[in-house]
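Secondary and tertiary structure notes
Here's the letter readout for the chains.
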Amino acid sequence: MNNFTHKPQAKNTTNINKQENYFFSQPHQPFFLAGVVWAIIVMLIFMMSYKMMLKGDINTVISPTMFHAYSLTFIVFTQFFIGFLYTTFSRFCQSEPVKKPYYVRTFFLFQVGSLLMVLGFFLSKTLMLAGMGILLLGQLVFLYMLQSIFSSAQAKIKDDPFWILTSIYLGTAAHAVWIIEVILDLSIFALPFAFNLYLIFMTFSIAQRMVPFFSHSLEPKRAGFVVTVFIALILKSFADIFNKEIFEAMISLLLGLYIFFEVIRWKLSFFQAPNILKILHVALFWMPASLILGSFFQLGEIILQTGFAFADVHMLALGFLTTIIIGFGTRVTLGHSGQPPHADSNTLKLFYLTQVLVVFRLLYSLVFGFDLPLFWLFSEELSTQQTASAIFDISLGLWLVLFIFWGLKFGPVLVLRKK
């Protein structure tokens, strides 16, 4: 079990010039920082392009909404995944760690691809597709390395690494389909599969392994637990693609209840856990909570003939995925810099801010769907539409504050190994 503890690799952290070389000494460092920087950049671009689109003042290659979905999936969250798995996947499999030249090449592929994709969004479809192609190449390089690690694994139990690797295969396939759909001006298959079977299933696969381990839970997982979740997410994706809203809502509800009762059975001892672990516990419970609440939003859309602005998707993306990233990102950053993985008061503020972000995004969905007169939040002179817009702006602003705050706090640790 000691193979899974977060300790700095001695060969990477001794006899190095910390001012010049430490940043690339471990794979999570450049990818985590790049993920933070791009999380800020792409959200600013989305804010600007979306508002300009509403005014009719901008003509982009793809819609701001599709840019928002693609950039978060393959520019932001994927870089956090790479940083985490290039650091830990070899430990899961008891294989050789990823060599520095390899992960540095992957890193620069992602930065070049991200830059070209963002520029192409405004300037040229060809330029944007070139950027997306380079990002896909970077993801293929990432996939190849993890497949090599898995194939040479010494660990006897490889179920969890198998499911993590499966999610990367599906995410890479979804990425390729996304590019084809952009070429053909379509939007059918790529987004549901990329979200459910890549972002959510990847995060779930890691969380259901690591959170009980960190919590010293001795309860064995129910037989077939992960495969059941996987099959349910496949069905949920197809229901989304073919607009079977009631079927998707029922799958979400049943899956949420299934995961909730399983996690309860693990006896994670929330109240006795240190703060850094409580963050991960809350993040893990956000998955069943998001699925259950999301199913009611989906049913509400059918019954009331309204729309809740993707409330179910944003609960999973913000409550579950983003909270997990804050928790694991903090733990890995501190643990691999030779510091105790802990959550001080400022780190807890980041966690609380993430939960506030989820609440405001839900509030926006409620105002949008129910046409709620929440003028008292701002000014009685505002219309419902203006109130919804103000809450939307606050949600986006909270996202920016969250990642700026995290970057300012942990950036110096990632770049210079500062305490």
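Let me begin by describing the structure that accompanies this report. Treat the numbers as computed from the prediction; the structure is a model and nothing was measured.

Looking now at a nonpolar patch on the surface. On the surface, a nonpolar cluster with roughly 800 Å² of combined accessible area is contributed by Val177, Ile180, Ile183, Leu184, Leu186, Ile188, Phe189, Phe238 and Phe242. Top contributing element to the nonpolar patch by residue count: helix α6 (residues 159-183), with three residues. Structurally, the position occupied by Phe238 is in helix α8 (residues 225-241).

Put simply, helix α2 (residues 28-55) and helix α13 (residues 384-416) touch, their axes get as near as 10 Å, and they point 160 degrees apart. Overall, the two elements α2 and α13 adopt an arrangement that is roughly antiparallel. Crossing hand, α2 versus α13: left-handed. The residue makeup of the contact of α2 with α13, split by class, is 19 nonpolar, five polar and two charged.

What follows deals with α13. Look at α13: 48 Å from first C-alpha to last across 33 residues, which is about the 48 Å you get at 1.5 Å a residue. The principal kink in α13, of about 45 degrees, is found at Phe410, preceding the proline Pro412 by one to four residues.

Once that is clear, we can look at the nonpolar core. Among the nonpolar cores identified, the biggest contains 135 residues, and Leu85, Tyr86, Trp178 and Trp399 are the most heavily contacted of them. With 18 residues, the single largest contributor to this core is helix α3 (residues 64-93). Formed by five residues, the second largest nonpolar core is a distinct cluster that contains Ile279, Ala343, Leu348 and Phe351.

Rules used in this analysis
- Residues numbered from 1 in each chain as written.
- Predicted model: local features only at pLDDT ≥ 70, side-chain atom pairs only at ≥ 80, totals over all residues.
- Heavy atoms only, no water.
- Patch = residues over 30% accessible without salt bridge, like charges linked within 9 Å, V, L, I, M, F, W, Y side chains within 5 Å.
- Areas by Shrake-Rupley, 256 points an atom, 1.4 Å probe, with all protein chains shown as cover.
- Salt bridge = Lys/Arg side-chain N within 4 Å of Asp/Glu carboxyl O.
- Helix = DSSP H or I, 4+ residues; strand = E, 2+ residues; numbered from the N terminus.
- Axes fitted to C-alpha atoms, helices over the stretch in contact; angles between N-to-C directions.
- Parallel < 35°, antiparallel > 145°, perpendicular 65-115°, else oblique.
- Left-handed = near helix turned anticlockwise from the far one by under 90°.
- Nonpolar A, V, L, I, M, F, W, Y, C, P; charged D, E, K, R; others polar.
- Expected span 1.5 Å × (residues − 1).
- Bend = angle between axes of the 7 residues up to and from the residue.
- Core = buried A, V, L, I, M, F, W, Y, C linked by side-chain atoms within 4.5 Å.
- Buried < 20%, exposed > 50% of the residue type's maximum accessible area, 1.4 Å probe, protein only.

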